[in-house]
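# Observations on the three-dimensional arrangement
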2 protein chains.
Amino acid sequence: MNRKNPKPLTLSIDAMGGDNAPGKIVEGVELALKRHSDVNFILFGDQAKIKPLLAKFPHAAARSRLIHTEEFVTDDEKPGHALRSGRNSSMRLAINAVSDAKADGVISAGNTGALMAMAKFVLKTLPGIDRPAIATSFPTRRGGSVMLDLGANITCNADNLVQFAAMGEVFARHVLGLTQPSVGILNVGSEDAKGSDAVKMAASILTNTKLPIKFHGFIEGDDIAAGTVDVVVTDGFTGNIVLKASEGMARMFGGFLLEALTGSLMGRLGALIAGGAINKFKMRVDPRRYNGAMFLGLNGICIKSHGSTDSLGFANAIDVAIRLIADNLNEDIRKDVARLGMELQSRHEAEAV
Amino acid sequence: MNRKNPKPLTLSIDAMGGDNAPGKIVEGVELALKRHSDVNFILFGDQAKIKPLLAKFPHAAARSRLIHTEEFVTDDEKPGHALRSGRNSSMRLAINAVSDAKADGVISAGNTGALMAMAKFVLKTLPGIDRPAIATSFPTRRGGSVMLDLGANITCNADNLVQFAAMGEVFARHVLGLTQPSVGILNVGSEDAKGSDAVKMAASILTNTKLPIKFHGFIEGDDIAAGTVDVVVTDGFTGNIVLKASEGMARMFGGFLLEALTGSLMGRLGALIAGGAINKFKMRVDPRRYNGAMFLGLNGICIKSHGSTDSLGFANAIDVAIRLIADNLNEDIRKDVARLGMELQSRHEAEAV
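Residue positions within a chain follow its written sequence, with the count starting from 1. Note on labels: chains are lettered from A, ligands numbered from 1, in written order. The model is predicted, so local features are restricted to residues of pLDDT at least 70 and side-chain atom pairs to those at 80 or more, both for listing and for counting; the totals for chains, interfaces and linings are taken over all residues. Side-chain metrics rest on all non-hydrogen atoms present in the structure, leaving aside hydrogens and water.

### Here's the deal with the relation of the copies chain A and chain B
- Superposition of the copies used a least-squares fit over C-alpha atoms from residues whose pLDDT is at least 70 in both. Between the two copies, chain A and chain B, the superposition gives an RMSD of 0.0 Å; the rotation angle is 180° and the shift along the axis is 0.0 Å. Within this description, the copies of the chain are treated as partners about a two-fold rotation axis. Across chain A, the rotation axis passes nearest the C-alpha of Gly270(A), at a separation of 1.9 Å.
- The criterion used for residue contact is that any of the two residues' heavy atoms lie within 4.5 Å. A symmetric contact is evident, with 100% of the interface residues of chain A recurring at the interface of chain B.

In structure tokens, the structure reads:
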């Protein structure tokens, strides 16, 4: 990887978040260090559980500082409750490290709602952003795209969607390495007259914006996997359901294929011979390769790893954090959003006249 | 098939609707007649195109009456325009045949919006139904489920969702052959506090209804393919996008698998040996097997076939129509919805006091 920033980075890790914490989290740090040997880590969590793990993972032990706390946020805790009573939780302390400038970014595989609530409270939103959004990259037939929002905002107005488009465009430039990613708004049809008022107004704003956004217009559900656009913009209700439905479909497909191949002698024999090809196929759709959702619009880098991830997936989430920090993602978002903010402001003033 | 109704059915067919019309439509009728030899068809469309096809398909020719019209609804026509100026279109005449009691049900692979607008105008909604919904069955890890609404209603209130639940439950009993299908509302989390006001209110009504509905509560996106519930209830915006996104994912998966297997000699050899197993897998996820979306809540059976379907898919849509007519689906919906209507009415009156 080509890092613009030569200073070693420090990442703050919620070592107690996720289904497989802290075991797979510490192992993920170990794996990440094989690719990024100069990164430092601060691990927040229960030392009685983490110390024995560090004894097993020498790279992680050498580059990590462990800060002990016995408190952690549970998966079923409501965001408001976590915010009020989780001030000493591993998640909250890991976020604090970013606002205290002790770390350049934070990663957690814990409760998404709590992480968003705490990150918003501690880090605050970037100027010009009304609401942060959750974004991730995913595999498509053309390679990869990004989608947002994935669940931070259940209902969204046109301004929210336009801000998501601007942030998503910058995110895609960084995470997919594209010069000018195309942006589409998810809708039930590609004609201008279809859809909710919010998507119609957002499309109209993006068609007329002075920002250098390559706006494709509306896309439909099947355009997501087709890779018709590089950035898929939608509200958090639809985005969350579509992403989880796609993950479910992928698991069903994999399961059916496995059952078919193992269900007969010829199937097993064929699978054995085609093993290399089947592994290539599996790797291409391996969800761990796309682990690491970014909370966009916050005044700091905050990455959410899938709760059920293993060490490889967590290491990939660390990769995403390192890349976005090294590339100064938030600086680019700040610039674009400032310009967008002026546009939206003058539109609202014109409407009010 | 075990048909309750011994009288031969008559189906009205929009022979000009869909990407492959009229060729695959007439061929689909031919295929359907091999399974249901006693069904009669009325084909609406251009006789110059349909007559030569009937000469090729003897079963279809023997059991079909052809009614000539040169007009048809195009795929990009707006529903309102089609309704106003498509009075002599093959789609409209095919729907009229149901309201004129000349046919027991209508099937079209044409423009969904136009079909819904015309069917609503001509057939009217069932008493107690505010808005019809589009429903279909789809494969899951547990077998099959149904989902609605798939695009007829962009925004839905709680009453709409509750009516969809009641209609979807009856539809699942008929089309999946279940005694007591379970019903879930699609949401971004399974806890009661999550989601929009409409889904929260709908869940509260369904939890307390006196109708014998087995209400599971909220489900998430990955529950769709897992088959967690038999009936997935959602608004038409989310449902349309999720269904199309899943179709897109399936195509991507199939494409990746094919590329992997054909990309190497060992892959091709293995695929050849495991051919039977791979075909079994393909059949299990073949979208044609699930072709035929039902317009629920109308005073008549109206089935929408996928626009790009081939003859096998169209024959499956005919199967769905025959089963629902023979089983008196709408009579069952009418009974349940009348009871539900009284419940919703008394709730609104209580709120108004």
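### Structural notes on the interface of chain A and chain B
- Every contact between the two is made by 52 residues of chain A and, on the other side, 52 residues of chain B.
- Counted as salt bridges are all cases of a side-chain nitrogen of Lys or Arg within 4 Å of a carboxyl oxygen of Asp or Glu. Between chain A and chain B we count 4 salt bridges in total.
- One salt bridge in this structure joins Glu220(A) and Lys244(B), with 2.4 Å as the shortest N-O distance.
- Each polar contact in these results corresponds to two N or O atoms within 3.5 Å; when the atoms are within protein, one needs to be able to donate a hydrogen and the other to accept it, and residues that are neighboring in sequence are counted only if both atoms are side-chain atoms. Between the two partners, chain A and chain B, sit 4 residue pairs in polar contact (both at pLDDT 80 or more).
- Only runs of H or I of at least four residues qualify as helices and only runs of E of at least two qualify as strands under DSSP, and these elements are numbered from the N terminus. Going through the elements one at a time, β5 (133-140), α9 (222-226), α10 (236-262), α11 (265-273) and α12 (275-284) of chain A are the ones with two or more residues in the side of chain A that touches chain B.

### A few points about empty space enclosed by the protein
- Of the grid points, spaced at 1 Å and generated over the protein atoms alone, those admitting a 1.4 Å probe that cannot get out make up cavities, while open sets with protein on both sides within 12 Å along at least five of seven lines make up pockets; any residue with an atom within 4 Å of a point is treated as lining. Grid points are joined across faces, edges and corners, and a volume is the space filled by probe spheres set on the points. Under the counting rule described, the total for this entry stands at 1 cavity of 30 Å³ or more.
- The volume enclosed by the largest cavity comes to roughly 50 Å³.
- For the largest cavity, the full set of lining residues is Leu257(A), Leu261(A), Gly270(A), Ala271(A), Ala274(A), Ile278(A), Leu257(B), Leu261(B), Gly270(B), Ala271(B), Ala274(B) and Ile278(B).
- Within the residue set of the lining of the largest cavity, elements represented by two or more residues are α10 and α11 of chain A together with α10 (236-262) and α11 (265-273) of chain B.
- Gly is placed with the polar residues, together with every amino acid not listed as nonpolar (Ala, Val, Leu, Ile, Met, Phe, Trp, Tyr, Cys and Pro) or charged (Asp, Glu, Lys and Arg). By residue class, the composition of the lining of the largest cavity is 10 nonpolar, 2 polar and no charged.

### A few points about the packing of aromatic side chains
- The pairing test for Phe, Tyr and Trp rings, Trp by its six-membered ring, is centres within 6.5 Å, and the orientation test on the planes gives stacked under 30 degrees, edge-to-face over 60, and tilted for anything in between. According to the stated counting rule, one finds 3 aromatic pairs over all chains in the structure shown.
- Pairing Phe253(A) with Phe281(B) gives two aromatic rings, centres 5.5 Å apart and planes at 85°, and the pair type is edge-to-face. Taken together, the residues Phe253(A) in helix α10 and Phe281(B) in helix α12 (residues 275-284) connect one chain to another. Side by side, Phe253(A) and Phe281(B) carry an identical accessibility label, which is buried.
- The side chain of Lys124(A) reaches across the aromatic face of Phe121(A), ending 5.3 Å from its centre. Only protein chains enter the area calculation, which uses a 1.4 Å probe; residues under 20% of their type maximum are buried, those over 50% are exposed, and those in between are partly exposed. Geometrically, a charge over a ring is one whose NZ (Lys) or CZ (Arg) sits within 6 Å of the ring centre while staying within 35 degrees of the ring normal.

### So, the environment of Arg142(B)
All names here are of chain B.
- You can see Arg142 is positioned in the loop between β5 (133-140) and β6 (143-148).
- On the accessibility criterion, Arg142 (58% relative accessible area) is exposed.
- Each C-alpha atom, one on Arg142 and one on Asp230, is 9.4 Å from the other, the two residues being 88 residues apart in sequence.
- When neighbours within four sequence positions are excluded, Arg142 is seen to be in contact with Ala226, Gly227, Thr228 and Asp230.
- At 2.3 Å, the side chain of Arg142 and the backbone oxygen of Gly227 are in polar contact.

### Observations regarding the sheet that holds strand β1 (residues 10-14) of chain B
Residue and element names in this part refer to chain B.
- DSSP calls a pair of strands paired once it identifies at least 2 bridges connecting them. Within the open sheet, the 11 strands sit side by side as β3-β2-β1-β4-β11-β10-β5-β6-β9-β7-β8. Their pairing is mixed. Only two strands of the sheet have a single partner each, and these edge strands are β3 (64-68) and β8 (214-219). Adjacent strand axes in the sheet meet at a mean angle of 25° when their direction is disregarded.
- In terms of strand pairing, strand β2 (residues 40-45) meets β3 through 5 bridges, oriented parallel. The angle between two axes is taken between their N-to-C directions and runs from 0 to 180 degrees, where each axis is a line fitted to C-alpha atoms and a helix contributes only its stretch in contact.

### A word on the state of the cysteines
- In this description, the term disulfide denotes a pair of cysteine sulfurs within 2.5 Å. On inspection of all chains with the given rule, the structure shows 0 disulfides over all chains.
- Not part of a disulfide, Cys302(A) finds its nearest cysteine sulfur in Cys156(A), a span of 19 Å.
- On the basis of relative accessibility, which here comes to 0%, the residue Cys302(A) falls in the buried class.
- Considering cysteine sulfurs only, Cys156(A) is the nearest to Cys156(B), which forms no disulfide, with 18 Å between them.

### Remarks on the sheet that holds strand β8 (residues 214-219) of chain A
Residues and elements named next belong to chain A.
- The strand order across the open sheet built from 11 strands is β3-β2-β1-β4-β11-β10-β5-β6-β9-β7-β8, with neighbouring strands paired in mixed fashion. What marks the edges here is a single partner per strand, and that holds for β3 (64-68) and β8. Across the sheet, the mean angle separating the axes of adjacent strands is 25° when strand polarity is ignored.
- Inspection of the sheet shows strand β10 (residues 293-296) paired to strand β11 (residues 301-304) by 2 bridges, in the antiparallel sense. Across the sheet, the residue bridging to Met294 is Ile303, located in β11.
- Here helix α14 (residues 329-352) sits on the sheet in contact with β10 and β11, set at roughly 40° to β10.

### Observations concerning a nonpolar patch on the surface
Residues and elements named next belong to chain A.
- Patch rule: a residue counts if its relative accessible area is over 30% and it has no salt bridge; like charges are joined within 9 Å, and nonpolar side chains (Val, Leu, Ile, Met, Phe, Trp, Tyr) within 5 Å. Residue-level accessible areas treat just the shown protein chains as cover; the underlying method is Shrake-Rupley with a 1.4 Å probe. Judged by side-chain polarity, Met266, Leu269 and Leu272 come together as a nonpolar surface patch covering roughly 330 Å² of accessible area.
- Tracing the sequence through the fold places Met266 in helix α11.
- Its relative accessible area of 48% is what places Met266 among the partly exposed residues.

### Regarding helix α2 (residues 47-56) of chain A
Residues and elements named next belong to chain A.
- Turning to α2, its buried residues number three or more, namely Ile50, Leu53 and Leu54. Viewed along the axis of α2, the buried residues span an arc of 100°, placing them on a single side of the element. For α2, the exposed residues lying more than 90 degrees away from the buried face are Ala48, Lys51, Ala55 and Lys56.
- Packing partners of the buried residues in α2 comprise α1 (23-35), β2 (40-45), α3 (58-63) and β3.
- Between the side-chain oxygen at the start of α2 and the backbone nitrogen of Ala48 there is a gap of 3.0 Å, and the oxygen is on Asp46. The directions considered for the arc run from the helix axis to the C-beta atoms.

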